[in-house]
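Results of the structural survey
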Amino acid sequence: MSPSTFAPEPAGRWFGVALAVTLGVLLALTGFDPDGLPFQPGALFSDAATSHWPSALFLRRSVLEDGAFPLWCPLLMGGQPFAANPLNKVWYPPQWLVLALPPALHLNTLAVLHLALAGVGAWTWGRATGLRAGCAALFGLAYPLAPRLVAALGAGHLDLLYAAAWFPWVLWGVWRCVRRDASARDAIALGLAAALCFLADVRLSAYVFVTAAAYAAWLAVTRGLLRERREAFHLGLRLIGSALIAIGLSAPQWGPLVLLRGELSRGDLSLADAAFGAIEPAGWVGLALGQHGGGPETMVYVGVSVLALAGLAVVAHPRKLALWAIVVLLAALYAMGDQSPLWLALNRLIPPLRWWRVPSRTWLVAALILPYLAAWGAQAVAQRALGGRGLRLALAGLIGGGLACAAVTAIALVPPLVIGSALGVLALPATTLAIALSGRLGARRALALLAAIVLADLLWIDRTLLEWRGADEWLEPHRALAEFLRDDGAIRVYSPSYSLPQQAAAYWEIAQFGGVDPFQRAAFVAAAAKATGVRPQGYSVTIPPFDVSGDEAISDANREAVPDADRLGAWLVTHMVADYPLEVEGLALAGQVDGRMIYRNERALRATLNWDGPNRVTVTLHEDASGPLYAVAASGLGGMGEAGDVGLPGAIQPGEREWTFAAEPDEIALGVAAGAAFLALGAIALWGVRRVSR
């Protein structure tokens, strides 16, 4: 069935409008604030505020105010590489929109644009593979509303959203590239989409590429491209060219990562650390019951209507859609982490896989594939491709019962007077769907009804997974504390209870000894454990680790730990802040702001740190001292400190002395050079494609 057969269908003309309206409804239901940031309702933190907003702010200030490319950030974990950290998105082209927009508006613009990109990509891939325009529209509207995507947005996992938006485009590129009449242009499109997916998020892109490779192999076999030597050779050149282009374009990001991999704490993850966030077997109950306000990493709900329609599709087209049924099952198995023999076997056999911790993120693959299957299920209904009236009515009952079940789970969330009307509204479409499956409705009306059911189902859950909060909630409450620290001459601050949030420290340019970031040097993690008295029990994305449980609040974290004032002083930590008293020798109470205790570290060496732009740190010592001085946290990016050391330990000579640490783009330059080489190889491969095509 050719996509061009359905070109005149009206749905193709109004899909863009329908997508804009659908996203508008989602944003309205979740209280969209263009100057706010996304949070999960009731959550204390969001990665959007903690990580992405500070990174965007630092990039903007580095370029516009300092006129420098940001290689090094002195504000976090004693200083760390910035451009080499993939979470900072320096190499992801859309991130540079922050030069034109304020950071919060920039992040919101990217979030909305990527939701739209995801919808258009789903529509495009669906149409290419034979979905009718109305069914492709259902797919294109359902994918951006997938609860797993919306939950990721609510948690502030913007990088996952960005990469998920490129997922259907990568599969579309594979579909175009694995054809008899494919050209070098198709290979370039696939390479570009794959590179953007990788630059958006290194972690999710791995699952995308595995899925794309399986899809390419499936298409090559089913289309008979491997039976003829010339076609197989032509296909191999195209895929190799695409891979080389993707590798070349993304080299400035993966190059420094490869060079720094031995220094990072993430390289020594245990199985238990890598399995963090895995989906428990009981968690799959959430497939049938709407997880109102469910956790972002363990959100498995895809919509009972989507799930049932996907089942319809597999029943109607078992051979055609077998690959995707297998992909969903494997994603579910892998998402269970150490509860799954598949995950355990692979991670024991291939230890580097542990870098991709939080195995539940493989369910983001199902977040795309299940709406795709649901669209095929809707097409089967519209074309009456299912045999057996009993089967059709039974599946209709499943959809209706699932919708009613989803409504019942909302009893605790919706006033009683609304429950009855909600059940009635949901029962009516389910009944109508049964009529559609029995053949008493026209195709267009059936598709419209199915789309309404799916969108209502998804929006019903999505509104509980996302909300926007203004800076008056995540930034302004910390102004008084930040200004007190600045006025008191703070050089570097340590807080065992995270009393000075990362976004506030970034905005007021206060250097922190700890912080929240998975990109950590193992040497600094060990040094921080000695200085803070907090011994990590396994891998943690925070320094110091925040080990809280039960009813314990984050403000009570690490209360029992005893910081070492001398070691912290050697790191030029001049102030400590906590939500509780610190009885540590060498600390003097400097004041109290909003219940937070502020202490001066009298053991800190008297020195100044000048941030001469984002890539230079000048340390001036103002007193006689002996013993170690740790000015920066890592050897960093091409010369920040001494390679292999944590900063600059050693005897300090009496008298005033000055040291300047400068980050040089050595690793970046190597990455760019490697990228140019891979692009050249890709160009040669694609030149071969053109030659063979003649």
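For the structure itself, look to the data block above.
Here's a quick rundown of the structure. A quick note: this is a predicted structure, and the numbers were derived from the prediction, not measured.

Taken in spatial order, the 5 strands of this open sheet run β6-β5-β9-β11-β10, and their pairing is mixed. In the strand order of this sheet, the two ends are held by β6 (511–512) and β10 (587–593), each with one partner. Of the pairings in the sheet, the one linking strand β5 (residues 492–494) to strand β9 (residues 575–578) comprises 2 bridges and is parallel in character. What sits directly across from valine 493, in β9, is histidine 575. Together, β5, β9, β10 and β11 (596–601) form the strand contacts of helix α19 (residues 479–487), whose direction differs from that of β10 by roughly 140 degrees.

Our focus in this paragraph is the packing of aromatic side chains. Tallied over the entire structure, the rule returns 26 aromatic pairs. Note on tyrosine 372 and tryptophan 376: the rings are 6.4 Å apart at their centroids and 90 degrees apart in plane angle, and the pair reads as edge-to-face. Linking tyrosine 372 with tryptophan 376, this pair stays in helix α14 (residues 363–382), spanning 4 residues, or about one helical turn. With relative accessibility at 1%, the residue tryptophan 376 sits in the buried group. Against the face of tryptophan 460 rests arginine 463, its NZ or CZ located 4.6 Å from the ring centre.

Quick look at the side chain of arginine 361 now. Tracing the backbone through its elements, the reader meets arginine 361 in the loop between α13 (341–349) and α14. By relative accessible area, which is 10% here, arginine 361 ends up buried. Among the polar contacts listed, one links the side chain of arginine 361 to the side chain of glutamate 297, at a separation of 2.7 Å. Residues within four places of arginine 361 in sequence aside, it is in contact with Arg148, His157, Leu160, Arg203, Leu204, Tyr207 and Glu297.

Each value, and the rule that gives it
- Residues numbered from 1 in each chain as written.
- Predicted model: local features only at pLDDT ≥ 70, side-chain atom pairs only at ≥ 80, totals over all residues.
- Heavy atoms only, no water.
- Pairing = 2+ DSSP bridges.
- Helix = DSSP H or I, 4+ residues; strand = E, 2+ residues; numbered from the N terminus.
- Contact = heavy atoms within 4.5 Å.
- Axes fitted to C-alpha atoms, helices over the stretch in contact; angles between N-to-C directions.
- Phe/Tyr/Trp six-rings, centres within 6.5 Å; stacked < 30°, edge-to-face > 60°.
- Buried < 20%, exposed > 50% of the residue type's maximum accessible area, 1.4 Å probe, protein only.
- Lys NZ or Arg CZ within 6 Å of the ring centre and 35° of its normal.
- Polar contact = N/O pair within 3.5 Å; in protein donor to acceptor, adjacent residues only side chain to side chain.

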